[in-house]
Amino acid sequence: MKVKSMNTRAMITTLLFLISLAFAEDPYRFFEWHVTYGNISPLGVAQQGILINGKFPGPDIISITNDNLIINVFNHLDEPFLLSWNGIRNWKNSFQDGVYGTMCPIPPGKNYTYALQVKDQIGSFYYFPSLGFHKAAGGFGGIRISSRALIPVPFPTPADDYTLLVGDWYKTNHKDLKAQLDNGGKLPLPDGILINGRSSGATLNIEPGKTYRLRISNVGLQNSLNFRIQNHTMKLVEVEGRYTIQNLFSSLDVHVGQSYSVLITADQPAKDYYVVVSSRFTSKILTTTGVLHYSNSVAPVSGPIPDGPIKLSWSFNQARAIRTNLTASGPRPNPQGSYRYGVINITRTIRLANNLGHIEGKQRYAVNSASFYPADTPLKLVDYFKIDGVYKPGSISDQPTNGAIFPTTSVMQADFRAFVEVIFENSEDIVQSWHLDGYSFYVVGMELGKWSPASRKVYNLNDAILRCTIQVYPRSWTAIYIALDNVGMWNMRSEIWERQYLGQQFYMRVYTTSTSLRDEYLIPKNALLCGRASSSHR
Ligand SMILES: *[C@@H]1O[C@H](CO)[C@@H](O)[C@H](O)[C@H]1NC(C)=O
Ligand SMILES: *[C@@H]1O[C@H](CO)[C@@H](O)[C@H](O)[C@H]1NC(C)=O
Ligand SMILES: *[C@@H]1O[C@H](CO)[C@@H](O)[C@H](O)[C@H]1NC(C)=O
Ligand SMILES: *[C@@H]1O[C@H](CO)[C@@H](O)[C@H](O)[C@H]1NC(C)=O
C-alpha cells in the first residue's frame, strides 16, 4: 500500500508539473556584456587581463532550467573574440556554440547577441573565451542552472552557494603564449594557481552550523587540480548536471574543464581554515590557499596545509565512486535512472588515441593521427550554405592508426540517433581531459592498460555518471556511451589548451537528412558571416 501511495504522489507531482508547463512560457534573461582588456596582477605581476563588465573572473550566469539566455557581447579588444559555454548543450543549435568551427568571431569593435536556451538542464558549468589563448587572460565565469520550482532536489537548500573557479595561471601575456606555440614550441609549467582570480586571500564566509554549496570548476589551461578544505569533508552532490550518490570526500580531483558541486557544513570550532588547491600529477607541485572563514572565528588559519593525494590508484578509486543517484529527479520530475542506457545496443564503436609529433618542424598534437587545423570558414556555416571543398566528413579515422600525424580539418560524421561507444586511449604519461560540446555522456569504464573488447566486462551499465568532460589517466583508457540526439557540428577537444590549440580536437557532425525544425533550428537571424560564408563570396 505504501508503495502505491508513493506512486500516486509522484503521479500528482508529474501532473502538476505538466500543467505548469502548459501555461508557462520559458522565461528570458537578458545580459549585456562588455569585453575589455584591463590590468590584473593575480601573481603579483601586472599583466593584461580580459575583463567582462570590468570583472575578472566575469559575472556568474544564474538561471533556471529552460531559461532563454540572451547575452549581448560587445568586443572591445583589438582582436576577434568568442565566448563558448562548457556544458551548455545548445539543443538543436550548434550555431550558438561559440567555438570557431560553429560561428564567426565577433570582430573588434562589434557585438553579437547569443540566444542560448538551457533546455532540460540543471547544474554547474562555466563559460570561457574560446579563441587563441584568450583563456590565459580571463574572460571566464560560472554558470548555474537551478531546478524549476516543482522538481525535488536531493538535498536541503544550502544557506548559500559559491562559485569557485580554480585553474593554473601564467604570468606571460596570452598573445606571447600563443606565439610560443605558433613558433613551434611548447609551454613551460604554469607559474601558479588561482582561486577566483587570486593566488592568495580568496575567502569563503560561512556561519556556524550552516551548510553551503560550492561549485568548483577547473578553468585552467594544463593541470589537473586537487581541491580540499582543512578539517572539513565535502559531500559530492552534483557533477556537470547530474545528481550523484552523496559520497564524502576529504579532497577532490578536478581535471581541466570539469565542474563539481559539493556541500560543506560549518561543523568545526569557530576559526579560519585553509582552502587548498594543488596541481596533481606534476613533478613540481604548485599549491595555492584561500580561507574558509567562520563568521564567529576566533583565530586565523593555522596548522600544516593539508597534503593532497599522491597515488594514481587514489584517483581511480575516487573516479569510480562518482556515480549517478538513480532515484533523484534531474531536470524533469522523473528519476535520473529512468533512461536505461545499459540495455541499448551500441551502433558504432569509436576508439580515439591521442598522439603527438611534428609537422613542418613544429610541435603538434593529434587524434588518431589527424592534427586539426581550422578552416577559413566555420564548419557549421559551410554546411548551412553548402559550400564545397572546405572539409571532408570522414577526414579522421574511427580507430587509432599507426601512421605519422598529418594536418587536416578533421570532421567525423555520425548519424543522428545513433548510440555510440567511444574509447579514449592514452598511451602517454600525462592525464588527458576530453570534452564534447552539445552532449552529456555516460562514463562506463576507466582502467589502467590497453582497452580490448573484453574490457567491456567491467563496464558500469547501471549507475554511471553522465557528464561532458572526462579524464583519461596515464597509460589508461576511459569508455563512454553517447546517445547522439542533438543534431549539429560539435567540438570534441582536449581541454588541455596547448593540445587543443595544436590539433588535439575534431568536430563530430551529427547529421540527419531531415531539414525539420524538430531536429535542428535555422541559422540565427543575427548570425555573423565570414570567410567563404560572407555575402561577398556567395
Ligand atoms: C548588437 O547590439 C544591438 C543593440 O545594441 C543589437 O540590436 C544587435 O542585434 C546586436 N548585434 C548582433 C549581431 O547581435
Ligand atoms: C583539525 O582537526 C584535528 C583533529 O581533530 C585537530 O588536532 C587540529 O588542531 C585541527 N586543525 C585545525 C587547523 O583546527
Ligand atoms: C538519492 O536521492 C534521493 C532523493 O531522490 C535521496 O533521498 C537519497 O538520499 C539519495 N541517495 C544517495 C545515496 O545519495
Ligand atoms: C539488441 O540486439 C539484440 C540482438 O542483436 C536484439 O535481440 C535486441 O532486441 C536489441 N535490443 C534493443 C533494445 O534494440
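Residues numbered from 1 in each chain as written. Chains lettered and ligands numbered in written order. Predicted model: local features only at pLDDT ≥ 70, side-chain atom pairs only at ≥ 80, totals over all residues. Heavy atoms only, no water.

Chemist: Account for the nonpolar core, naming residues and giving values.
Modeler: Nonpolar side chains tend toward joint burial in soluble globular proteins. Leu214 and Ile482 are the most contacted members of the largest nonpolar core, which totals 65 residues. If near-sequence neighbours (up to four positions away) are discounted, Ile482 is found in contact with Ala418, Phe419, Val420, Val422, Leu436, Tyr439, Ser440, Phe441 and Met508. Core analysis: the next-biggest nonpolar cluster, separate from the first, contains 27 residues, Trp33, Val73, Met103 and Tyr114 among them. (Core = buried A, V, L, I, M, F, W, Y, C linked by side-chain atoms within 4.5 Å. Buried < 20%, exposed > 50% of the residue type's maximum accessible area, 1.4 Å probe, protein only. Contact = heavy atoms within 4.5 Å.)

Chemist: Before we move on, can you summarise helix α2 (residues 174–182) with the specific residues and values?
Modeler: Taken together, the buried positions of α2 are occupied by His174, Leu177 and Leu181. Down the axis of α2, the sector holding all buried residues measures 60°, keeping them to one side. On the buried face of α2, the contacting elements are β1 (28–40), β2 (47–52) and α5 (497–501). With a side-chain oxygen lying 2.7 Å from the backbone nitrogen of Lys175, the N-terminal cap of α2 falls on Asn173. Phi turns positive one or two residues past the end of α2, at Gly184, with a value near 100°. (Helix = DSSP H or I, 4+ residues; strand = E, 2+ residues; numbered from the N terminus. Arc of directions from axis to C-beta. Polar contact = N/O pair within 3.5 Å; in protein donor to acceptor, adjacent residues only side chain to side chain.)

Chemist: Could you give me a rundown of the site of ligand 3, with the residues and numbers involved?
Modeler: Neighbouring ligand 3 are the residues Pro154, Ile245, Gln246, Asn325, Thr327 and Ala328. A distance of 3.1 Å is found between an oxygen atom of ligand 3 and a backbone nitrogen or oxygen belonging to Gln246. Asn325 places a polar side-chain atom, nitrogen or oxygen, 2.2 Å from an oxygen atom of ligand 3. Within the complex, the protein chains bury 52% of what would otherwise be the 370 Å² of accessible surface of ligand 3. (Near = heavy atom within 4 Å. Areas by Shrake-Rupley, 256 points an atom, 1.4 Å probe, with all protein chains shown as cover.)

Chemist: So what's going on with the site of ligand 2? Residues and values would help.
Modeler: Taken together, Gln230, Asn231, Lys271, Tyr273 and Ser302 make up all the residues around ligand 2. Class assignment for the residues of the shell around ligand 2 results in one nonpolar, three polar and one charged. (Nonpolar A, V, L, I, M, F, W, Y, C, P; charged D, E, K, R; others polar.)

Chemist: Could you give an account of the packing of aromatic side chains, naming the residues involved and the relevant values?
Modeler: The relation between two aromatic rings is expressed through the spacing of the ring centres and the mutual angle of the planes. In total, this model carries 27 aromatic pairs according to the counting rule given. Between Phe419 and Tyr481, the aromatic rings sit 5.5 Å apart at their centres with planes inclined by 70°, giving edge-to-face as the arrangement. One end of the pair, Phe419, is in strand β26 (residues 419–426); the other, Tyr481, is in strand β31 (residues 476–483), with 62 residues separating them in the sequence. Members of the aromatic cluster, connected to one another through ring pairs, are Tyr339, Tyr341, Phe419, Tyr442, Tyr459, Trp477 and Tyr481. The residue whose ring lies beneath Lys271 is Tyr273, and the NZ or CZ to ring-centre distance is 4.5 Å. Sitting over the ring of Phe281, Arg280 keeps its end group 4.4 Å from the ring centre. (Phe/Tyr/Trp six-rings, centres within 6.5 Å; stacked < 30°, edge-to-face > 60°. Lys NZ or Arg CZ within 6 Å of the ring centre and 35° of its normal.)

Chemist: Lay out helix α3 (residues 312–321) in plain terms, naming residues and giving numbers.
Modeler: Taken together, the buried positions of α3 are occupied by Ser315, Phe316, Gln318 and Ala319. Around the axis of α3, the buried residues are gathered within 165° of arc, so they sit on the same side. Contact partners of the buried residues in α3: β16 (248–249), β17 (251–254), β28 (441–448), β30 (469–472) and β31.

Chemist: Now, about the pairing of strand β20 (residues 287–294): what can you tell me, with residues and values included?
Modeler: Note: strand β11 (residues 200–206) against β20, five bridges, orientation parallel. From the neighbouring strand, Ser200 faces β20, where its bridge partner is Thr289. With seven bridges connecting them, strand β19 (residues 272–279) and β20 associate as antiparallel partners. Directly across from Ser278, in β20, lies its bridge partner Thr287. (Pairing = 2+ DSSP bridges.)

Chemist: Summarise the pattern of salt bridges; cite the residues concerned and give the values.
Modeler: Side chains carrying opposite charge are able to pair once their charged atoms draw close together. Under the criterion given, the structure shown has 24 salt bridges. For Asp67, the salt bridge identified is with Arg29, shortest N-O distance 2.4 Å. Remark: Arg29 occurs in strand β1 and Asp67 occurs in the loop between β3 (61–64) and β4 (68–75); sequence separation between them is 38 residues. For Arg509, the salt bridge goes to Asp383, with nearest N and O atoms at 2.7 Å. With a gap of 126 residues between them, Arg509 in strand β33 (residues 505–511) and Asp383 in helix α4 (residues 379–384) connect regions that are remote in the sequence. Among the residues examined, Asp383 registers a relative accessible area of 19% and is labelled buried. (Salt bridge = Lys/Arg side-chain N within 4 Å of Asp/Glu carboxyl O.)

Chemist: Give me the lowdown on the sheet that holds strand β7 (residues 123–129), citing residues and values where you can.
Modeler: Taken together, the four strands give an open sheet; going across it, the order is β3-β8-β7-β5, and neighbouring strands pair in mixed fashion. Both outer strands of the open sheet, β3 and β5 (83–86), are each paired with one neighbouring strand and no more. Ignoring strand direction, the axes of neighbouring strands in this sheet form an average angle of 25°. Bridge count between β5 and β7: four bridges; the pairing is antiparallel. Looking at β7, one finds that Leu83 is bridged to Pro129. (Axes fitted to C-alpha atoms, helices over the stretch in contact; angles between N-to-C directions.)

Chemist: Describe in detail the side chain of Asn486, supporting the description with residues and values.
Modeler: Its location among the elements puts Asn486 in the loop between β31 and β32 (488–494). By relative accessible area, which is 0% here, Asn486 ends up buried. At a separation of 3.1 Å, a polar atom in the side chain of Asn486 contacts the main-chain carbonyl oxygen of Arg89. Among the polar contacts made by the side chain of Asn486, one reaches the main-chain carbonyl oxygen of Gly438 at a distance of 3.0 Å. Asn486 has contacts with Arg89, Asn90, Trp91, Lys92, Phe416, Gly438, Tyr439 and Val510, leaving out every residue within four places of it along the chain.

Chemist: Help me get a handle on the UniProt feature "domain: Plastocyanin-like" (unreviewed entry) in the chain, residues and values and all.
Modeler: According to UniProt, the feature "domain: Plastocyanin-like" (unreviewed entry) maps to residues 35–148, 160–297 and 376–513 in the numbering used here. For the annotated span residues 160–297, helix accounts for 7% and strand for 51% of the residues, and the straight-line distance between the end C-alpha atoms is 18 Å. Across residues 376–513, the secondary structure splits into 8% helix and 41% strand, with the terminal C-alpha atoms separated by 25 Å. (UniProt positions renumbered as here; feature names shortened; annotations may be inferred.)

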